[in-house]
Amino acid sequence: MISVKEAASRIDKLRDEINFHNQQYHVYDEPRIPDSEYDRLMLELQSLESDFPDLITPESPTQRVGGAPLEGFDTVKHRLPMLSLDNAFNAAELEDFDRRVRERLELADDESIAYVAEPKLDGLAVNLRYEQGRLVLAATRGDGASGEDVTSNVRTISAIPLRLLGTDYPAVLEVRGEVFMPKAGFEKLNERARKADGKTFVNPRNAAAGSLRQLDPRITTTRPLTFYCYGFGEIDPAPIGETQSDSILRLRQWGLPVSPELQVVQGAQGCIDYYEKIAVRRDGLEYDIDGVVYKVDRLSRQKTLGFVSRAPRWAIAYKFPAQSADGVRKPIRVSGGAHRCECGGSSAACFVGGVTVSNATLHNMDEGRTQDAGDDTVFVRRSGDVFRGRACSRWYPAVTRKVALPANCPVYPVRIAPARHHESTV
Ligand code: IVH
């Protein structure tokens, strides 16, 4: 057996290596070693720690899950309130926001504002508090003034460092960001649930919320949660940068993940261009987003602008149109012939993705899933916003008289799920 001194030095080295590879993976999306090698490092660390339990520290990468389930969550008062955001729903509202900001800052007409733009993640806001580089507290937003202590659960999220890297971090650093579940992990989780007890989550956001509010961290650790930072709470000594973008980017050096989509854009037009680009890519992103958030980049300007009630004057969320009519099952009439089918009818009108669909016309899709049309309440869902405001008016060849319920219409992105009630004629 090796000496305590040798073990301590090897343990330190292994922890540094593991933390470095975590940063490569979660922060830079550039893993340097295969998973098998990473697992080997973890196993060696675990085995040394079990031989030398006195050398275990709470920040060791092996110590993400610990202790028994909680009875309940403690309430935590936020040192600085966790604000909410005002929304814009169209380009004109975004331009109004930019105009108000410029007026308040008394800028000349030819001076444009730099904004940080990043996706609005669809998860849960948390505040992480690091003291001397150690994660000491994680709390949900709650009502903005106080939230719940979810430290034990947050510690299980491998994207969140238990210890900051480097040495130049402030003694107190509170970062704010979103805990969320990527789409692929969500699908897998539901697949697993279907096989086990059948209880599935409606969407990744609910799955993330349910997982973070688990009283047993051993369950949370099996949930594919991840995290991006987008803001700050208390910092001491402050500041860590002159601008929002500098400050956020410093977090990466300390091992904290930031959205790779973050960009600095100029003026209202820059914001709108960014929105359009992200809207097109939205479905291809690995996680759900429900809009774009813009923040005045210069921190001195943020300070001048301040906030009203619960939202800062220096930030705004430009929301995508409501994406789905989730949960609304509409009785519809299905009619069709040998070459087409139409799902629609008096009661099928629903508000989906910013438009009212009163007569959804559907591609006759997947031949393998042909379903008797006598059985149909359809569930209509838009899955993208690039087609915003455009109704689908095209007809597609159908295979049989039976209405095959499509997974997706290729032109107008509605999704149909087979349904139970019916009111159909075919
Ligand atoms: S900034 C003072 N940035 O949106 C600024 N929020 O509607 C406060 N959210 O509670 C938040 N992605 O849960 C910001 N990139 C992002 C965000 C984001 C998602 C959520 C967050 C917040 C809510 C406000």
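Shown above is the structure to which this text applies.
As the structure is a computational prediction, the values presented were derived from the model and not from experiment.

Visitor: So what's going on with helix 8 (residues 244–253)? Which residues, and what values?
Guide: Those residues of helix 8 that sit buried are Gln-244, Ser-245, Ser-247, Ile-248, Leu-251 and Arg-252. Two residues or fewer after helix 8 comes Gly-255, characterised by a positive phi angle close to 95 degrees.

Visitor: Describe the site of the ligand, with residues and values.
Guide: Neighbouring the ligand are 14 residues, the closest being Lys-120, Leu-121, Glu-178, Tyr-230 and Lys-295. Measuring from an oxygen atom of the ligand, one finds a side-chain N or O atom of Tyr-230 at 3.4 Å. Surface burial for the ligand is 87%, taken as the share of its 520 Å² of free accessible area covered by protein chains. Top contributing element to the shell around the ligand by residue count: strand 3 (residues 114–121), with four residues. Class assignment of the residues belonging to the shell around the ligand gives a composition of nine nonpolar, no polar and five charged.

Visitor: Outline the sheet that holds strand 10 (residues 289–296), listing residues and values.
Guide: Strand order across the open sheet formed by five strands is 2-13-10-3-9, with mixed pairing between neighbours. Pairing within the sheet leaves two strands with one partner each, and these edge strands are strand 2 (87–88) and strand 9 (263–266). Relative to strand 10, strand 3 is paired through seven bridges, and the arrangement is antiparallel. Within the sheet, the bridge partner assigned to Pro-119 lies in strand 10 and is Val-292. The sheet strands contacting helix 3 (residues 91–104) are strand 2, strand 3, strand 10 and strand 13 (315–319), and the helix crosses strand 13 at an angle near 175 degrees.

Visitor: Talk me through unusual backbone geometry; I want residue IDs and the actual numbers.
Guide: Residue Pro-237 follows Asp-236 across a cis peptide bond; omega there is 0 degrees. Looking at the secondary structure, you find Pro-237 in the loop between strand 8 (226–236) and helix 8. Here the amide bond leading from Ala-238 into Pro-239 is cis, since omega sits at -5 degrees, within 30 degrees of zero. Note on placement: Pro-239 falls in the loop between strand 8 and helix 8.

Visitor: Now, about the packing of helix 1 (residues 4–27) against helix 2 (residues 35–51): what can you tell me, with residues and values included?
Guide: When two helices pack together, their arrangement is given by the angle between their axes and by how far apart the axes lie. Where helix 1 contacts helix 2, the axes come no closer than 10 Å and their chain directions differ by 150 degrees. When you trace helix 1 past helix 2, the crossing you get is left-handed. Here helix 1 contributes Ala-7, Arg-10, Ile-11, Leu-14, Arg-15, Glu-17, Ile-18, His-21 and Asn-22 to the contact with helix 2, which in turn contributes Tyr-38, Leu-41, Met-42, Glu-44, Leu-45, Leu-48 and Glu-49.

Visitor: Please give an account of the nonpolar core that cites residues and values.
Guide: Ranked by internal contacts, the top residues of the largest apolar core, which has 38 residues, are Leu-128, Tyr-130, Leu-173, Val-175, Leu-212, Leu-251 and Leu-256. Secondary-structure elements contributing two or more residues to this core are strand 4 (124–131), strand 5 (134–140), strand 7 (172–180), helix 5 (183–195), helix 6 (204–212), strand 8 and helix 8. Setting aside its immediate chain neighbours within four residues, Leu-251 contacts Leu-173, Val-175, Cys-229, Phe-232, Ile-240, Leu-256 and Val-258. Leu-94, Leu-107, Leu-285 and Val-292 belong to the second-largest nonpolar core, a separate cluster that totals 31 residues.

Visitor: Can you tell me about the sheet that holds strand 7, naming the residues and giving the values?
Guide: Sheet architecture is open: four strands sit in the order 5-4-7-8, paired in antiparallel fashion. Every other strand in the sheet has two partners, leaving strand 5 and strand 8 as the edge strands with one partner each. Adjacent strand axes in the sheet meet at a mean angle of 25 degrees when their direction is disregarded. Judged from the six bridges that link them, strand 4 and strand 5 form a sheet pairing that is antiparallel. Its bridge partner lying in strand 5, Glu-131 is registered against Arg-134. Sitting on the sheet, helix 6 touches strand 4, strand 5 and strand 7, and the angle it makes with strand 4 is about 40 degrees. Relative to strand 8, helix 8 is tilted by about 115 degrees, and along the sheet it contacts strand 7 and strand 8.

Visitor: I'd like a description of the packing of aromatic side chains, backed by residues and values.
Guide: Enumeration according to the criterion identifies six aromatic pairs in this entry. Measuring from ring centre to ring centre gives 5.3 Å for Phe-180 and Tyr-228, while their planes differ by 45 degrees; the resulting arrangement is tilted. Placement of Phe-180 in strand 7 and of Tyr-228 in strand 8 is noted, with a sequence separation of 48 residues between them. Phe-180 sits in the buried class, given a relative accessible area of 3%. By relative accessible area, Tyr-228 is classed as buried at 14%.

Parameters and conventions
Residues numbered from 1 in each chain as written. Predicted model: local features only at pLDDT ≥ 70, side-chain atom pairs only at ≥ 80, totals over all residues. Heavy atoms only, no water. Buried < 20%, exposed > 50% of the residue type's maximum accessible area, 1.4 Å probe, protein only. Helix = DSSP H or I, 4+ residues; strand = E, 2+ residues; numbered from the N terminus. Near = heavy atom within 4 Å. Polar contact = N/O pair within 3.5 Å; in protein donor to acceptor, adjacent residues only side chain to side chain. Areas by Shrake-Rupley, 256 points an atom, 1.4 Å probe, with all protein chains shown as cover. Nonpolar A, V, L, I, M, F, W, Y, C, P; charged D, E, K, R; others polar. Pairing = 2+ DSSP bridges. Contact = heavy atoms within 4.5 Å. Axes fitted to C-alpha atoms, helices over the stretch in contact; angles between N-to-C directions. Left-handed = near helix turned anticlockwise from the far one by under 90°. Core = buried A, V, L, I, M, F, W, Y, C linked by side-chain atoms within 4.5 Å. Phe/Tyr/Trp six-rings, centres within 6.5 Å; stacked < 30°, edge-to-face > 60°.

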